[in-house]
Each structure stands twice: as C-alpha cells, then as structure tokens.
Amino acid sequence: MSFDGEQEGYPFHLGDELFADAFSEEVNYRFSSEELKISQVFSANLGVAAQVWDAALYLCRYLEKLDLKGKRVIELGAGTGIVGILAARLGAEVTLTDLPHALPQLQKNVSANRPPSGWPSVTPTVLPLSWGLDQEQFPSDWDLVLGADIVYLSDTYPLLMDTLTHLCQEGAVVYLSSKMRREHGTPGFYDDILPQRFDTQIQCCDPAQNISLYHATLRRKEQMQ
C-alpha cells in the first residue's frame, strides 16, 4: 500500500482539523529480499512524517541493488523509517534522523522490524537532527546519506544544503529520491541549488510517478571557488 503525494491539499499544508481523530495503521511492504511492517500514525503532530511516500519505496527498491554490508548510513527526514530500516536489514550500520516529534514512531518501527536472528550489523540508532542547527553534532565520515521526499519546502533548502555539506566532508555518496513537485520548487533544488556544492546526476527515474533518484557527491572546496 502506498500513497500519492500529489493528493489535493495534502501533504504540505496541514491543518489540525484534518486530524481531529488521530489514527494509525500498520502496512506490510514486500521487497525482493525483505518484508517490513511499518506503523503510520496519522495526526496533526506528525503531519508529513506519518506515512510512507512513493519516493521512499522507490529508493528502497534501488537500495536492494547495492551492497550495503558494513556501510555507514545516515537517513535524513526518516519519517516512518522504512528506508533506513531496509538498509539496516540489508547489513548497513544505520542512523535514522528526524525532528524530535517524529522519533517515537520511528523508534517503534525500528523495534518492530528487528529480524528474528537479530540485526545483521548493529541495531539502528534513532536521533534528532534539525537541519542547519545541530548537524555538527554528527560525524562526517558516512558512506551513504539518504533522503526520500525531503525536498518540498523551499525555506528548508539552505538548511538541508548546510547539513549535507557537513555530513559529506569525507566523501559520502548522497542518494535523494523525490517526487518532482514544481509547485514546491523541487526541480529547482536539483537543477540550481544542489549543484552549487555537489556533483549531481540523475541515477534513475520513474516518469509515470514523476519520481527521480539523484546521486550526489560533495566537491572539494577548491573546485567550488
């Protein structure tokens, strides 16, 4: 089960009245090698962090093609955690991050998806991270930085750029999967903003869903001058 991020009036302008009666649901997501049970808590408090977006499923399917064993991975704006949890199930050492209000749902999903034989690497870590504010509390030696449908509010783009720049100082590869919403300036982020500091290319795309997956690496300082 998945949701269409292009629904009228949702997901980006949420009023409390839309969630007068908060509810939750658990959905099983089957990939070629793993099955995850993801709890989604729909409430005014969680907003867009409540559900699994199509761009997250697209990124999950791509991750299955990679060798993630032993890779150090951090996910930004993890929401339900489906991307980072899958990466951990595939052998990565994963840190999942989001704003503090999203962490209880995130931690619940991590706990619910522990393999019967234990995590192949280490138990995923769940931590708060506010872009542009506390990224320097995190190391810069990741192998992969992941984000699914986190590019949709133009006010956050400079903060996201500062966070990505810090996390990628030691050569991390960034994979960002996005529904390309023109009304929210998503194409402009990838065409004009991200290339200011990163070498960027489209890794793959799904025109039917209007989803693109980007690969990016931070340029050296002398290359940005």
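Since this is a predicted model, take the numbers as computed values, not measurements.

(A) Here's a closer look at the overall build of the protein chain. Regarding its fold elements, the protein chain presents six helices and nine strands. A total of 225 residues make up the protein chain; the buried ones form 54% of that total. Put simply, of all contacts in the protein chain between residues at least 6 apart along the chain, 68% involve residues at least 24 apart. Accessible area for the protein chain stands at about 10,500 Å²; split by element, carbon and sulfur atoms hold 47% of it.

(B) Spotlight on the pairing of strand β9 (residues 211-218). Taking burial as the measure, the eight residues of β9 include seven buried ones, the bulk of the element. Looking at chain direction, strand β7 (residues 173-179) and β9 are connected through seven bridges and run antiparallel. Bridge pairing links Y175 to H215 in β9. Where strand β8 (residues 198-206) lies against β9, eight bridges are found, and the strand directions are antiparallel.

(C) Fine view of the pattern of salt bridges. Tallied over the entire structure, the rule returns seven salt bridges. Notably, a salt bridge pairs D149 with R181, separated by 2.9 Å at the nearest N-O pair. With a gap of 32 residues between them, D149 in the loop between β6 (144-148) and α4 (157-167) and R181 in the loop between β7 and α5 (186-193) connect regions that are remote in the sequence. The exposure class assigned to D149 is buried, which follows from its relative accessible area of 7%. For R197, the salt bridge goes to D162, with nearest N and O atoms at 3.2 Å. Taken as a pair, R197 in the loop between α5 and β8 and D162 in helix α4 lie far apart in primary sequence, 35 residues in all. Its relative accessible area of 26% is what places R197 among the partly exposed residues.

(D) Structural detail: the packing of aromatic side chains. In the structure shown here, the tally under the stated rule is four aromatic pairs. Both rings, one in Y62 and one in Y175, keep their centres 5.4 Å apart while their planes meet at 50°; by these two values the pair is tilted. Here the residue Y62 occupies a position in helix α1 (residues 54-63), and Y175 occupies one in strand β7, the gap between them amounting to 113 residues. Its end group placed over the ring of W142, R72 keeps NZ or CZ at 4.5 Å from the ring centre.

(E) A look at the nonpolar core. If you look at the biggest cluster of nonpolar residues, it comprises 39 residues, and the most contacted ones within it are I82 and V83. Per element, the largest residue contribution to this core is eight residues, and it comes from α1. Here I82 is in contact with Y29, F31, L36, I38, V52, A56, L57 and C60, once residues within four sequence places are set aside. Residues L76, F138, L167 and M180 belong to the second largest nonpolar core, which totals 26 residues.

(F) Here's a closer look at α1. Taking burial as the measure, the 10 residues of α1 include nine buried ones, the bulk of the element. Among all positions of α1, only D54, A55, A56, L57, Y58, L59, C60, Y62 and L63 are buried.

Cut-offs applied
Residues numbered from 1 in each chain as written. Predicted model: local features only at pLDDT ≥ 70, side-chain atom pairs only at ≥ 80, totals over all residues. Heavy atoms only, no water. Helix = DSSP H or I, 4+ residues; strand = E, 2+ residues; numbered from the N terminus. Buried < 20%, exposed > 50% of the residue type's maximum accessible area, 1.4 Å probe, protein only. Contact = heavy atoms within 4.5 Å. Areas by Shrake-Rupley, 256 points an atom, 1.4 Å probe, with all protein chains shown as cover. Pairing = 2+ DSSP bridges. Salt bridge = Lys/Arg side-chain N within 4 Å of Asp/Glu carboxyl O. Phe/Tyr/Trp six-rings, centres within 6.5 Å; stacked < 30°, edge-to-face > 60°. Lys NZ or Arg CZ within 6 Å of the ring centre and 35° of its normal. Core = buried A, V, L, I, M, F, W, Y, C linked by side-chain atoms within 4.5 Å.

This is a description of form; function is not addressed.
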